[in-house]
Amino acid sequence: MTLSDFSVFYENKANMLCDSQNYFYIWGAGIAGQYLFCQLRESPLSIRGFIDSNPEKQKSSFCDLPVFAPDTIEWNNNLKVILASLDYPDGMEQYLQSIGKKENIDYFFSNVFLSLYKMKQSGQLYLHHVNINITDQCTLRCRDCSLLIPYYKTKMQYSLSGVLSGLNKLFHNVDYVQEVHLIGGEPLLYPELSELISEIGHQYRHKIGELAIATNGTIIPSKEVCQAAKKYNAFFTISDYSGSPAFSARVNIPALLQHLESNSVEYRLGNKSVWFDFNTFSEDLPSSVTEPSEIYQDKFQKCFFRNRGLYLNKLYYCQHQYGALRSGSNTEDPEAYIDLDSSDVDKMNLLQFELGFLPRGYLLQCRKCNGFERLNKHFIDAAAQINL
């Protein structure tokens, strides 16, 4: 879908979601479903219950609503389903498509649903996930880093004032971001991390659902960082690569976990043994980069990349595109980002961008990239190290 398609899409879909004749089921009686229900609890929407494939969950209510098996739902044109979890949607979507249901007509992913509904109902701009890049410095040199950081010609550490200025410009128009993650590089190398967490917590915590700090598990956070994280209900997302056959660096995950627990800081541990192969350094297919292509537009829509990246005053749709630029494997793509310093930026511009309505309909990096979750079936061993 290109930018010219947005007006019709927005009016049709937003009006559909706000139609009082329609009613909704949330697919997923878990943490994501609970969050989604809490977001909509005070709305005028008619939410009839939850759908879940787990027979145990079907035996009891969830959020004081019944839980149904997928094959017990009696479908009609007024019934709409919201897919709560964005992490593992394939099974849900495959079932819905197998019974003839269509995306953005019969079912909606929760990030799209909330962005459309909140804008139409209350004029609020909702973003699902924004990564805040604070440093290019890292303790690892991963050959297949999704941001291509080992291949950057120069490494940057963004100033505290610059990062906060970008956040201020972002939240000038954005009312709520469900997930804000501080990333690098390795964020624990950022010398002003505790101050940054405190400033974000003080100024914007009421506009953020989850506040997280990413780490590769090679550094123990300082007491000051732990205190700031605890105070503002931030948690660490830890990537444990020890299960990857290609990973050779030394880490001490148990010591990190013990340190966080002793400081009452929450964390989520992810065992990362494989990564997506983005096919970064392949050649473009031979055709004009400015000519609209249905192939690349379709690829872009299927990619399902839902995490935006904030680099100072620029909000990137896909951070892999940014990494390709910084590493020299691709050229500048003016459609890949929104300059938050521009006087033309408003809530509707950002909503178009969040939902993937670009003038070309795809990013230049799409011409060589294998894509993300719903599209990419190519995997490689995680965190193979290189010497540069």
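The structure this text deals with has already been given above.
Residues numbered from 1 in each chain as written. Predicted model: local features only at pLDDT ≥ 70, side-chain atom pairs only at ≥ 80, totals over all residues. Heavy atoms only, no water.

Asker: Where do I start with the overall build of the protein chain in this structure?
Answerer: A tally of helices and strands in the protein chain yields 11 helices and 15 strands. The C-alpha atoms of the protein chain give 21 Å as radius of gyration, which agrees with the globular expectation for 388 residues (21 Å, within 12%). Taking the principal axes of its C-alpha atoms as reference, the protein chain extends roughly 60 × 55 × 45 Å. Counting the 388 residues in the protein chain, one finds 55% classified as buried. In the protein chain, the proportion of contacts linking residues at least 24 apart, taken out of those at least 6 apart, comes to 77%. (Helix = DSSP H or I, 4+ residues; strand = E, 2+ residues; numbered from the N terminus. Rg over C-alpha atoms; globule rule 2.2 N^0.38 Å. Buried < 20%, exposed > 50% of the residue type's maximum accessible area, 1.4 Å probe, protein only. Contact = heavy atoms within 4.5 Å.)

Asker: Explain the pattern of salt bridges here, please?
Answerer: Pairing is possible between side chains of opposite charge, provided their charged atoms come close. Across all of its chains, the model carries 12 salt bridges by this definition. Ionic pairing is found between Arg 143 and Asp 144, a salt bridge with its closest N-O pair at 2.9 Å. Residue class for Arg 143 comes out partly exposed when judged on its relative accessible area of 39%. Between Glu 335 and Arg 360 there is a salt bridge whose closest N-O contact spans 3.7 Å. Of the two residues, Glu 335 sits in the loop between α10 (319-327) and β14 (337-339) while Arg 360 sits in the loop between α11 (347-354) and β15 (379-381), which places them 25 residues apart along the sequence. When sorted by exposure, Glu 335 lands in the same class as Arg 360, which is buried. Within the structure, one salt-bridge network assembled from shared partners comprises Asp 333, Glu 335 and Arg 360. (Salt bridge = Lys/Arg side-chain N within 4 Å of Asp/Glu carboxyl O.)

Asker: Is there a simple way to think about helix α5 (residues 160-173) in this case?
Answerer: One turn of an α-helix holds 3.6 residues; hence residues three or four places apart share an orientation. Taking 1.5 Å per residue, 14 residues should reach 20 Å; α5 reaches 21 Å between its end C-alpha atoms and fits that length. Turning to α5, its buried residues are Leu 160, Gly 162, Val 163, Leu 164, Gly 166, Leu 167, Leu 170, Phe 171 and Asn 173. (Expected span 1.5 Å × (residues − 1).)

Asker: Looking at this structure, I do not really get helix α7 (residues 223-231). What am I missing?
Answerer: Buried residues of α7: Val 225, Cys 226, Ala 228 and Ala 229, and no others. For α7, the angular spread of buried residues about the axis comes to 165°, placing them on one side. For α7, the exposed residues lying more than 90 degrees away from the buried face are Lys 223, Lys 230 and Lys 231. Tucked into the core, α7 has its buried residues touching α6 (193-204), β8 (208-215), β9 (234-240) and α8 (253-262). With its phi angle positive at about 55°, Asn 233 sits one or two positions after the end of α7. (Arc of directions from axis to C-beta.)

Asker: Hey, could you run me through the packing of α6 against α7 in this one?
Answerer: In helix packing, the relevant descriptors are the interaxial angle and the interaxial distance, both defined with respect to the helix axes. Interaxial distance between α6 and α7 falls to 8 Å at its minimum, and their mutual angle equals 10°. Comparing the axis directions of α6 and α7 gives the class roughly parallel. By crossing handedness, the relation of α6 to α7 is classed as left-handed. In this structure, α6 contributes Leu 193, Ser 194, Ile 197 and Ser 198 to the contact, and α7 contributes Glu 224, Val 225, Ala 228 and Ala 229. By residue class, the composition of the contact of α6 with α7 is 5 nonpolar, 2 polar and 1 charged. (Axes fitted to C-alpha atoms, helices over the stretch in contact; angles between N-to-C directions. Parallel < 35°, antiparallel > 145°, perpendicular 65-115°, else oblique. Left-handed = near helix turned anticlockwise from the far one by under 90°. Nonpolar A, V, L, I, M, F, W, Y, C, P; charged D, E, K, R; others polar.)

Asker: So what exactly am I meant to see when it comes to a negative patch on the surface here?
Answerer: Residues Glu 192, Glu 195, Glu 199 and Glu 224 make up a contiguous surface patch of negative charge. Here Glu 192 lies in the loop between β7 (176-183) and α6. (Patch = residues over 30% accessible without salt bridge, like charges linked within 9 Å, V, L, I, M, F, W, Y side chains within 5 Å. Areas by Shrake-Rupley, 256 points an atom, 1.4 Å probe, with all protein chains shown as cover. Lys, Arg positive; Asp, Glu negative; His and termini not counted. Charge placed at Lys NZ, Arg CZ, Asp CG, Glu CD.)

Asker: Where do I start with the side chain of Arg 360 in this structure?
Answerer: By relative accessible area, which is 9% here, Arg 360 ends up buried. One polar contact links Arg 360 to Asp 333, side chain to side chain, over a distance of 3.0 Å. (Polar contact = N/O pair within 3.5 Å; in protein donor to acceptor, adjacent residues only side chain to side chain.)

Asker: Would you explain the packing of α5 against α6 in this entry?
Answerer: For the pair α5 and α6, the least separation of the axes is 11 Å and the interaxial angle reads 20°. What the angle tells us is that α5 and α6 run roughly parallel. When the axes of α5 and α6 are compared, the crossing they make is right-handed. Contacts from Leu 160, Val 163, Leu 164, Leu 167, Asn 168 and Phe 171 of α5 reach α6 at Glu 195, Leu 196, Glu 199, Ile 200 and Tyr 204. Considering only residue class, the contact of α5 with α6 consists of 8 nonpolar, 1 polar and 2 charged.

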